[in-house]
Each structure stands twice: as structure tokens, then as C-alpha cells.
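Geometric and topological summary
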Amino acid sequence: MNDTFKALSDPTRRKILQLLKDKDLTAGEIASHFDISKPSISHHLGILKQARLVQDERQGQNMIYSINLSVMQEAMGWFLGMIGAKGGSS
């Protein structure tokens, strides 16, 4: 869970997830939405993959990235459980 929250702490990675929420994209398509280098985008994608928030699949010469909703749901469930536990202790 630590990797998940570390990955979500960065605004660039959150924007990547927002892009992938709508459709699967190549690294180049993702990079076109940012004013940073392609190696920087690859670094962010690597962190998202390590946290299992995105998956990649090779299609020809391209890597297609997609969001892993089950991990997102798991993180949200944990987070909401923490809020619920705190809210009941007043």
C-alpha cells in the first residue's frame, strides 16, 4: 500500500491516471500531454507500474498502458476505512 500512496502523491502521476481513466494510451500519447521529457514520463510510468496502478501490454512496437482499477479500488477502500474509523471516535 505504501508504493500506491507514494505513486499517488505526485501530481504528474495523478494526471497520467486521469488520462488512462478515459482510455488506454501509449507512452508517446501520454507524453504529449506534458511539457516534460519522455524519459521523465517513463520514470513516472515505472513508479505507477511498481505500485501496480497501471499495466502495460506490448502491441507491435508500442507499449499500451492501462489503469489497474482493482488496485485503485483497494487504495480507496483503505483510505475510506481510515476516515470512517477516525470519524467514529469523536
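Structure: above.
Rules and cut-offs
Residues numbered from 1 in each chain as written. Predicted model: local features only at pLDDT ≥ 70, side-chain atom pairs only at ≥ 80, totals over all residues. Heavy atoms only, no water. Pairing = 2+ DSSP bridges. Helix = DSSP H or I, 4+ residues; strand = E, 2+ residues; numbered from the N terminus. 1 Å grid on protein atoms, 1.4 Å probe; cavity = no way out; pocket = protein on both sides within 12 Å on 5 of 7 lines; lining within 4 Å. Points joined across faces, edges and corners; volume = space filled by probe spheres on them. Expected span 1.5 Å × (residues − 1). Buried < 20%, exposed > 50% of the residue type's maximum accessible area, 1.4 Å probe, protein only. Arc of directions from axis to C-beta. Contact = heavy atoms within 4.5 Å. Axes fitted to C-alpha atoms, helices over the stretch in contact; angles between N-to-C directions.

**Regarding the pairing of strand 3 (residues 62–67)**
Look at any regular strand and the pattern is simple: side chains alternate between the two faces of the sheet. Pairing analysis gives two bridges linking strand 1 (residues 25–26) to strand 3, with the strands arranged antiparallel. Following the sheet pairing, Thr-26 is matched in strand 3 by Ile-64. In this structure, strand 2 (residues 54–59) lies alongside strand 3, joined through six bridges in antiparallel fashion. In the strand pairing of strand 3, Val-54 is matched with Ile-67.

**Quick look at the layout of surface pockets**
Taken as a whole, the largest pocket encloses approximately 180 Å³ of empty space. Every residue lining the largest pocket is listed: Leu-8, Arg-14, Leu-17, Gln-18, Lys-21, Ile-67, Leu-69 and Met-72. Counting only elements with at least two residues in the lining of the largest pocket, the list comes to helix 2 (11–22) and helix 5 (69–87). Per-element tally for the lining of the largest pocket: the top contributor is helix 2, with four residues.

**Brief notes about helix 4 (residues 38–50)**
Compared with an ideal rise of 1.5 Å per residue, which puts 13 residues at 18 Å, helix 4 spans 18 Å between its outermost C-alpha atoms and is within 8% of the ideal. For helix 4, the full list of buried residues reads Ile-41, His-44, Leu-45, Ile-47 and Leu-48. Looking straight down helix 4, one finds that the buried residues subtend no more than 160 degrees of arc, so they occupy a single side. Exposed positions of helix 4 whose direction lies more than 90 degrees from the buried face are Pro-39, His-43 and Gln-50. Against the buried residues of helix 4 lie helix 1 (2–8), helix 2, helix 3 (27–31), strand 2 and strand 3. Phi turns positive one or two residues past the end of helix 4, at Arg-52, with a value near 65 degrees.

**Looking at the sheet that holds strand 3**
Hydrogen bonds along the backbone pair up the strands of a sheet, which may run parallel or antiparallel. Taken together, the three strands give an open sheet; going across it, the order is 1-3-2, and neighbouring strands pair in antiparallel fashion. Edge positions in the sheet fall to strand 1 and strand 2, since each of these pairs with one other strand and no more. Across the face of the sheet, helix 2 comes into contact with strand 1, strand 2 and strand 3 while running at roughly 90 degrees to strand 3. Helix 4 rests against strand 2 and strand 3 of the sheet, and its axis sits at about 115 degrees to strand 2.

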